[in-house]
Structures are given as C-alpha cells and as structure tokens.
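Secondary and tertiary structure notes
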Amino acid sequence: MTDDPIDQDDEQAEPAPPTDDEPDAEPDVRNDPIPLQPGDPAPEDDPAAPFTEDPT
Amino acid sequence: MSGCPSYVADPSFQITQGGVTGPYDCTAHSASDAIDFATCGAKDPGGRTIRLLSSEPVPDPASPGLNLWQVAEVALEHYGVYLEVRTGARAVTWDEYERRRKGGQGAIVQVSYAPIAATKYDAFGSTFFGGHGMFESVHATYDPGADGRRTGIWKFDGTVYPRELMKRSAGLLDIGTRSVGYGLVWAAFTRDVIPDFKASVPAGYYHRFYISNGRIVDRDRLRTGSFSAECSPPRLFWWSAAGKSYRLVQLRGGAHKDQWIAASFAHEV
C-alpha cells in the first residue's frame with residue numbers, strides 16, 4: 001500500500017449523473033441463445049438450476 | 001502464453017453436454033476451454049459448472065447469455081485463472097489478437113455467427129446468426145456447438161478456422177447500436193499469472209461507486225489531493241440508471257480501503 005500522505009482532503013460533492021464519454025462504461029454484450037432444432041438433445045432436467053423456460 | 005504450449009484443450013460442447021442452460025452457455029463453455037488450456041488440463045470444469053458458479057446461475061430471461069466479465073470472474077475466483085478482458089474502448093485490434101494467439105495465449109472471442117453459418121463450419125444448421133462465444137488457441141478453434149450431433153452440423157476437428165472468417169465474424173459482433181467494426185475484436189485472453197493491480201488517482205475529483213447485490217446502485221464525487229493503493233483486478237458492474245456497465249476496481253488498502261472506483265485509474269504492476 002502506498003497511499004500518498006497528501007490525501008487527507010476528501011469532500012463529498014453533488015452526485016454526478018452518468019455520461020456517455022466515460023472510458024470505463026461499456027454495453028453489456030452477452031451471447032445470444034441457440035434455438036434448439038429437431039434432433040438436438042433435449043436439455044436435461046437439472047434441479048441445481050430450475051430454469052425451465054423454452055429457449056426457443 | 002500457456003505454461004504447456006503443446007497441450008491441446010478438450011472441447012466443451014453446449015448442446016450435448018450443457019444441460020438445461022446449454023443453449024445459453026456458449027461463453028461459459030468457451031471459458032471452460034480457456035481454463036482447461038490455461039491449466040494444461042489440470043482443471044476442466046465444463047460450461048455447465050461455469051454457469052452454476054456465475055453471478056447468474058439461473059439465466060435472466062431478458063438476456064440469458066453471459067458476458068466475458070462474468071466468466072472471467074468465475075475463472076479467477078474458482079480456478080485461479082486470470083482472463084484479461086478486452087472489450088469496449090479496450091478492444092484489441094485483429095493484429096494484436098493474432099499476435100497473442102500465435103504467441104500462446106488462449107482467447108474467448110465474441111463473434112457474430114452470421115459469417116460462420118454460411119460456411120461448412122456451421123454448427124447450428126443454418127438457424128443461428130446471433131452473438132456467439134468461441135475459444136481459440138494456437139492449436140484450434142473451439143465452437144461450443146460443433147459437436148457433429150447430426151448431419152449438417154460441423155464437428156470439431158482440431159483445426160484453426162480461416163483467419164479472414166474469424167476476423168469478419170469478430171468485427172460484425174453486435175454491441176447494441178452498432179457492430180464492433182472490422183479489424184477489432186472483443187475477447188478475453190488467458191495469462192500465465194494473476195497480475196497485481198495498483199490504482200493511482202491524481203489530484204482532483206474521482207467517483208466512488210456503491211455496489212449492492214453485484215450491481216452499481218449509486219456513486220458520488222470526491223476530491224483528493226492524489227493517492228495510490230493496491231486494488232483488485234477490474235470487474236464489470238451493471239448500473240440500471242446509466243443503462244450500461246462500468247469497469248471498476250476495489251481499493252485494498254490505505255485511507256480509501258474497500259472503495260470501488262473506475263478501473264481507468266488502475267494499472268498492472
């Protein structure tokens with residue numbers, strides 16, 4: 001840890017609204033679901049994750 | 001690069017091995033391949049396990065897939081494998097992607113499947129053209145759907161897909177309002193070690209973010225005379241109010257210990 005000794009003056013200002021020009025902001029890009037086709041194995045019943053919605 | 005460059009990872013298949021969430025889990029199965037590759041086969045969890053260990057074991061019906069950050073978190077916390085996520089403004093060029101892959105790093109790459117569906121490598125019978133996660137190493141391209149489960153479905157054969165095909169597919173990835181762009185790649189790379197990170201905040205203002213249940217709920221603005229401190233690797237958090245996610249790091253020491261701040265203040269040491 002290397003805190004600089006001059007840092008003793010935090011003070012809270014007004015909340016800042018989100019902006020579009022922040023380098024740390026990015027869209028949440030996830031893979032898309034695969035449509036199952038006739039002949040594909042049916043998803044197994046798995047009580048560990050009770051998600052039963054038809055992916056198609 | 002891999003500590004065992006001759007090791008060839010076993011493919012993990014989302015349809016035939018993925019269980020109930022298999023159709024949603026190409027990124028999870030690709031992450032399993034990445035962990036297998038990075039650990040030289042010592043750890044090969046399978047995509048279903050990655051899903052169950054993720055921040056979203058039950059898929060959100062509105063967006064049931066996973067992103068690279070979610071699987072990177074599982075890889076680090078449960079398998080000790082650091083995946084360097086390069087998305088958004090930090091996407092890599094195709095040339096860098098290839099330099100890393102040929103140099104021995106594995107990569108989970110996000111692609112549009114449309115170009116691949118038009119080739120012999122199609123693993124979904126001309127029914128899928130959306131965003132897809134795949135794993136690549138110097139040895140092979142791993143499509144989690146390519147199990148050869150029936151006629152017309154490509155079966156993994158341990159080869160590397162044509163580079164122009166992968167370059168076009170990566171560039172066409174839909175990231176909301178546009179595509180990534182030809183010549184750019186959103187990917188997560190395997191690394192030899194878990195790097196240390198340090199945050200250095202210059203004099204002026206910075207944002208402190210508040211996290212609840214794995215999501216950003218607020219932030220405020222603080223003034224500092226400058227400070228630096230060890231911090232966590234970057235993580236991605238969703239903020240509903242902003243409609244986007246932010247890369248953040250958590251400070252691990254000093255007067256600001258436990259604060260979450262923007263990852264752009266952090267760098268590897």
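Please refer to the structure higher up on the page.
Keep in mind that this is a model prediction, so the values were computed, not measured.

What about the overall build of chain A?
Along its length, chain A carries zero helices and one strand. Classification of the 56 residues of chain A by burial places 29% in the buried group. Entry remark: accessible area of chain A is about 3700 Å², with carbon and sulfur atoms responsible for 52%.

A word on the sheet that holds strand 14 (residues 266-268) of chain B
Residues and elements named next belong to chain B. Reading across the sheet, the three strands line up as 10-7-14 and stay open at both edges, with antiparallel pairing between neighbours. Looking at which strands have only one partner, the edges of the open sheet turn out to be strand 10 (227-231) and strand 14. Direction aside, neighbouring strands of the sheet carry axes that sit 30° apart on average. Two strands pair when backbone bridges link them, and strand 7 (residues 197-201) and strand 14 are joined in this way by three bridges, in the antiparallel orientation. Considered in strand 14, the bridge of Ala199 is made with Ala266.

Section: helix 4 (residues 68-79) of chain B
Residue and element names in this part refer to chain B. Helix length check: helix 4 (12 residues) gives 16 Å between terminal C-alpha atoms against 16 Å at 1.5 Å per residue, within 8%. Within helix 4, the full set of buried residues consists of Leu68, Trp69, Gln70, Val71, Ala72, Val74, Ala75 and Tyr79. Its side-chain oxygen at 3.0 Å from the backbone nitrogen of Trp69, Asn67 defines the N-terminal cap of helix 4. Once helix 4 finishes, Gly80 follows within two positions and takes phi at roughly 65°, a positive value.

Regarding the pairing of strand 3 (residues 107-112) of chain B
Along any regular strand, the residues point their side chains to alternate faces of the sheet. Residue and element names in this part refer to chain B. Burial within strand 3 is extensive, with six of its six residues counted as buried. The two faces of strand 3 match: Ala107, Val109 and Val111 on one face and Ile108, Gln110 and Ser112 on the other face are all buried. Pairing geometry for strand 3 and strand 6 (residues 184-190), over four bridges, is antiparallel. Residue Gln110 lies in a different strand from strand 6, and its bridge partner there is Trp186.

Quick word on unusual backbone geometry
Residues and elements named next belong to chain B. Here the phi dihedral of Cys40 falls at roughly 55°; this positive angle occurs in a residue that is not glycine. Note on placement: Cys40 falls in the loop between helix 2 (26-38) and helix 3 (47-53). Look at Cys40 and you get partly exposed, because its relative accessible area is 32%.

Definitions and limits used
Residues numbered from 1 in each chain as written. Chains lettered and ligands numbered in written order. Predicted model: local features only at pLDDT ≥ 70, side-chain atom pairs only at ≥ 80, totals over all residues. Heavy atoms only, no water. Helix = DSSP H or I, 4+ residues; strand = E, 2+ residues; numbered from the N terminus. Buried < 20%, exposed > 50% of the residue type's maximum accessible area, 1.4 Å probe, protein only. Areas by Shrake-Rupley, 256 points an atom, 1.4 Å probe, with all protein chains shown as cover. Pairing = 2+ DSSP bridges. Axes fitted to C-alpha atoms, helices over the stretch in contact; angles between N-to-C directions. Expected span 1.5 Å × (residues − 1). Polar contact = N/O pair within 3.5 Å; in protein donor to acceptor, adjacent residues only side chain to side chain.

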